[in-house]
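Residue strings, one per chain:
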Amino acid sequence: MKDRLSEALKKSTADYTEIRYEIEDSTSFGYRGREVDRVSSSKLAGGIVRACTRGGWGMAVFDTLEDLDRQVQEACQAAALVGKEKTELADAAAPTDAHVVARMERDFRGVPLDEKLRLVAHYNDLLLGADPAIETTNCGYSETFRTVYFASSRGAYFMEERPYVVLHFGAVARDGALVQMSHDSVSSATDYGVVQGREALVEETARRAAALLKAPKVEGGTYSVILDQRLGGVFAHEAFGHLSEADFLYENDQMRELMHLGRSMGVKELNIVDDGSLDRYVGTHPYDDEGTPTQKTYLIREGVLVGHLHSLETAAKMGEKPTGNARAIRRGVPPIVRMTNTYIEGGNLSPEELFAGVDRGIYACSMLGGQTMMEQFTFSAAYGYRIENGQKGELIRDIVLTGNVFETLNAIDGFANDFKIIQAGGGCGKGGQAPLPVTFGAPHIRLRAVVVGGK
Amino acid sequence: MRSSTLDQMADALQRGVEQAQQRGASAAKIRFRQWESNGCSFENGRLKEASASEGLAFDIEVVVDGRKVSVTGNNVDDLREMVERAVTLASMGSVAHFDAYPAPAPVPEVKTFSERAASLPREQMIEGCQGIVDALKRYAPDLFIGAGSGRHRAESLLVTSGGVCHRACETGWGLGAHVQRTRGTDMLMTGYWRGWKDLNELWDPAWITNRILEDLRNGEPIVEAPTGKTTVLLPPEAVSMFLMPITMGVNGRNVAKGESPLRGRLGEQILDPSITLVDNPHVDFANGATEMDADGVPTRVNTLFRAGVLERFLYDLDTAAMVGAEPTGNNGCSPYFLELAPGPQTSDALLAGIEDGLYVKSLIGFGQSNMMNGDVAGNVALGFRIRGGKLTGRVKNTMIAGNVYDLLRANVRLSADRDPVLHMPYAVIEGVSVSAT
């Protein structure tokens, strides 16, 4: 493959050209209620040529290598049409001949499909039997094995195998016209075993759906809020992480000023990190999709903004170093600046000490989702509890938190010592590329004066 | 674009269906798609990127011993192998509630292909975007402006063991822009996009420019948001968003599985009598215009709510068979193109009639709630305070929340003017919960 891609790159007339080609084989199935509702499988291949001339980009998306030379020429011609300035791409220590073979503790490709089906059927039975109010379920499994080939006109080349396995499970509880749902998921890039032995989590998820039928809606207003690790991680990702992605900044002078390094962002205990090289999580890769080695990047250290997330272009144009955060979700789409494994570092308070600081507030748990629009963010807890006099109280639902990231980061005043990384299914969405596998993490954190939408 | 291969593929697809039947499939279908597109995008007011894309794919579905499976590939040389994979997997497939794909039936004539759209030149796309950028820069040179345009053409062929061999062609274009105005830590973001399958008067860069300018002007002062139960005015694009829980509710699969709160409520007055909601895939060149679904069932116009009364659920072939209903020709039991009937007053008159309220242009995080139950909540990304029938300024740090079924049950007022692309009117809704700092 290296020779094939290198040969095509010789046709480049651009300042910089890269080819990414992927082969993907996947299988998924799921129960909905008592029946298997879907079984599908796919085998797909294709890629993208990106060329840059005088700062303008041209792209050609293809699904066969047969016309690769023509695709290179097409991308170069498009780049020449667009470019009017100067190509600025940072240097990176890209590999010239790396072969990253998947290392799996238990490889899902060696597990018979009927064994996987039996496992999911077992979980589905647990969901259905957890409470009489459970109306139906959604319990599924998917596995994808991608092989990515990358070569650039700078001489970079790597091949990486990217396995990905997900188990998701949810229950729908019903009382007349009132419908409540609860779901959860686990994922792994290294071990089929992550989907095994999940009985307790599955049953807890189903029972929560039933319990939510009786839970009152939260009253809208401003509260002190404690976020559990999952929601704290979503906060780090949604509220701040996206704002640190340099493709939002590099061409926008006002945003660059707003997000200038050295700016105070919060209390001294606040540290936020993105680390694409972290152990073996689903957000972890040795290289990003421009061939840049991944790394640990502090975004906020001791309350001060100290880093941005970069591609080759954003790094060059902001005079900073590339961080290995240019990621593409699949063949045929360009890499854009994305997070990997993003987390808030743990603190010194015990969870009890954290809760003791709240007279009347909300303990917001897990997540339904999150979204950001620059300085405004919003994310939804899957469920939560009232806090009264430092004690966890009644189960409540429909908790949606919103705010201005700069004000809210400054509103964090407590960090527990129970840091955890969450590796769920799903992922991050940006620029039409979703769901990109990422992880997020945090300790329990306490925020003052957060707007909560509600009845 | 690669030359059309549908004629050659017709034989290959027919052979694939026969191969599946010879291997024991009681029903089989293969859908082949081929497409090409190109586009351009502007960043910070400058042309940044031009792209071209081409591809193909085939989707196989087989039913063996009452179980079905779907397989997808994009290398036609793999077709036989992938049919074999489908047949092998089918023994572990999902329950098929139907025995056979339907025989050919009369297909409605719906225009989905426009030679003008297919040949939209990249130069015109760049020119359209540049015009928007220049006009916005004249208004405020410090705006951060992005713009983009694209066009595509695609053709597909569906061959089923029911005898259907249906060819479809479609085109489409899109044009849009977005801006960001940053002042200190305050950011105003707005943008508009339009698309259609024919290149006609809807290609209108000035419309996009004017809508953005209107938002920028209305957003100049930041004012206090109303709180508590509030009267809310929604533009057509936000009305579409508010209808999302209802489209989930009329989805026949959700009904059959017991997830929809509308199950068992056909014939009931669910929504305000002003609401007549139709799924209409027969609007020529509309986004969603379609002649036939992926099972070979001709599409049709389905009235979902008539004067607020729930009239119909949407069913694909399998789900219809599951519940003993007639298939409505809706892939995945989802609507193609929702039309909301207009009301008697103009949108200007609706605005003028609001003494104190909130005009919600866009929301973030809207879909993060329990939408199946009708619960919605979102941060007002762009919204304006209404006082005395006029927009008085932009609100910030504001959330709205409510249950769509409750909010649309009564006192809904719809405008006579509808968006020509979305076929949605403006709407006034009472009693939306608003929280703000």
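Everything numeric here is computed off the predicted structure, so don't read it as measured data. (Residues numbered from 1 in each chain as written. Chains lettered and ligands numbered in written order. Predicted model: local features only at pLDDT ≥ 70, side-chain atom pairs only at ≥ 80, totals over all residues. Heavy atoms only, no water.)

(A) Geometry of the sheet that holds strand 11 (residues 309-310) of chain B. All names here are of chain B. Spatially, 11-10-9-12 is the arrangement adopted by the four strands of the open sheet, whose pairing is antiparallel. Looking along the sheet, the strands with just one partner apiece sit at the ends: strand 11 and strand 12 (338-340). Pairing between strand 9 (residues 277-279) and strand 12: three bridges, direction antiparallel. Considered in strand 12, the bridge of valine 278 is made with glutamate 339. (Pairing = 2+ DSSP bridges. Helix = DSSP H or I, 4+ residues; strand = E, 2+ residues; numbered from the N terminus.)

(B) Layout of the side chain of Thr190(B). Residues and elements named next belong to chain B. Mapped onto the fold, threonine 190 is located in strand 7 (residues 186-196). Its relative accessible area of 8% is what places threonine 190 among the buried residues. Within the structure, threonine 190 has its side chain in polar contact with the side chain of aspartate 215 (distance 2.6 Å). (Buried < 20%, exposed > 50% of the residue type's maximum accessible area, 1.4 Å probe, protein only. Polar contact = N/O pair within 3.5 Å; in protein donor to acceptor, adjacent residues only side chain to side chain.)

(C) Up close: unusual backbone geometry. Backbone torsion omega between Ala434(A) and Pro435(A) reads -5°, so that peptide bond is classified as cis. Mapping Pro435(A) onto the fold places it in strand 24 (residues 433-436). Its identity as a non-glycine residue notwithstanding, Glu302(A) has a phi of 50°, on the positive side. With respect to the helices, strands and loops of the structure, Glu302(A) is situated in the loop between strand 10 (296-301) and strand 11 (304-305). Classification of Glu302(A) by relative accessible area gives partly exposed; the value is 48%. Of note in this structure, Ala307(B) is not a glycine but carries a positive phi near 50°. On the secondary structure map, Ala307(B) appears in the loop between strand 10 (302-306) and strand 11.

(D) Region of the structure containing the interface of chain B and chain A. Facing the 74 residues of chain B at the interface are 86 residues of chain A. Applying the counting criterion to the chain B and chain A interface returns 13 salt bridges. Residue Asp25(A) pairs with Arg85(B) through a salt bridge whose shortest N-O separation is 3.0 Å. Joining chain B to chain A, the criterion identifies 37 residue pairs in polar contact (both at pLDDT 80 or more). (Contact = heavy atoms within 4.5 Å. Salt bridge = Lys/Arg side-chain N within 4 Å of Asp/Glu carboxyl O.)

(E) View of the domain arrangement of chain B. Residue and element names in this part refer to chain B. Under the domain assignment used here, chain B contains domain 1 (6-215) and domain 2 (222-437). Here domain 1 and domain 2 have C-alpha centroids that lie 24 Å from each other. Facing 41 residues of domain 1, the contacting portion of domain 2 comprises 35 residues. Taking both partners together, domain 1 and domain 2 bury about 3000 Å²; carbon and sulfur atoms supply 59% of that area. (Domains from an automatic or database assignment. Buried area = accessible area lost by both parts, 1.4 Å probe.)

(F) Spatial organisation of the packing of helix 3 (residues 113-129) of chain A against helix 4 (residues 199-212) of chain A. Residue and element names in this part refer to chain A. Two numbers describe how helix 3 lies on helix 4: the axes approach to 8 Å, and their chain directions differ by 35°. In this structure, helix 3 crosses over helix 4, and the sense of that crossing is right-handed. Of helix 4, the residues touching helix 3 (which contributes His122, Tyr123, Leu126 and Leu127) are Glu199, Val202, Glu203 and Ala206. Among the residues forming the contact of helix 3 with helix 4, the class breakdown is five nonpolar, one polar and two charged. (Axes fitted to C-alpha atoms, helices over the stretch in contact; angles between N-to-C directions. Left-handed = near helix turned anticlockwise from the far one by under 90°. Nonpolar A, V, L, I, M, F, W, Y, C, P; charged D, E, K, R; others polar.)

(G) Inspection of the environment of Arg167(B) at higher detail. Residue and element names in this part refer to chain B. With respect to the helices and strands, the residue arginine 167 is situated in strand 6 (residues 165-183). Residue class for arginine 167 comes out partly exposed when judged on its relative accessible area of 40%. Of the polar contacts made by the side chain of arginine 167, one reaches the side chain of aspartate 7; its length is 3.2 Å.

(H) Focus on the domain arrangement of chain A. Residue and element names in this part refer to chain A. As assigned here, chain A comprises domain 1 (2-212) and domain 2 (221-453). Summarising the inter-unit geometry, the C-alpha centres of domain 1 and domain 2 are found 22 Å apart. Domain 1 puts 50 residues into the contact, and the matching count from domain 2 is 38 residues. Considering only the side of domain 1, the residues that lose the most area to domain 2 are Arg20, Glu88 and Leu212, jointly responsible for 14% of the buried surface there. In this assembly, domain 1 and domain 2 are joined by four salt bridges. Inspection of the region where domain 1 meets domain 2 yields 16 residue pairs in polar contact (both at pLDDT 80 or more). Looking at the side of domain 1 that touches domain 2, the elements that each hand over two or more residues are strand 1 (16-32), strand 2 (35-53), strand 3 (56-62), strand 4 (98-100), strand 5 (134-152), strand 6 (157-175), strand 7 (178-188) and helix 4. In the side of domain 1 that touches domain 2, the residues fall into 26 nonpolar, nine polar and 15 charged.

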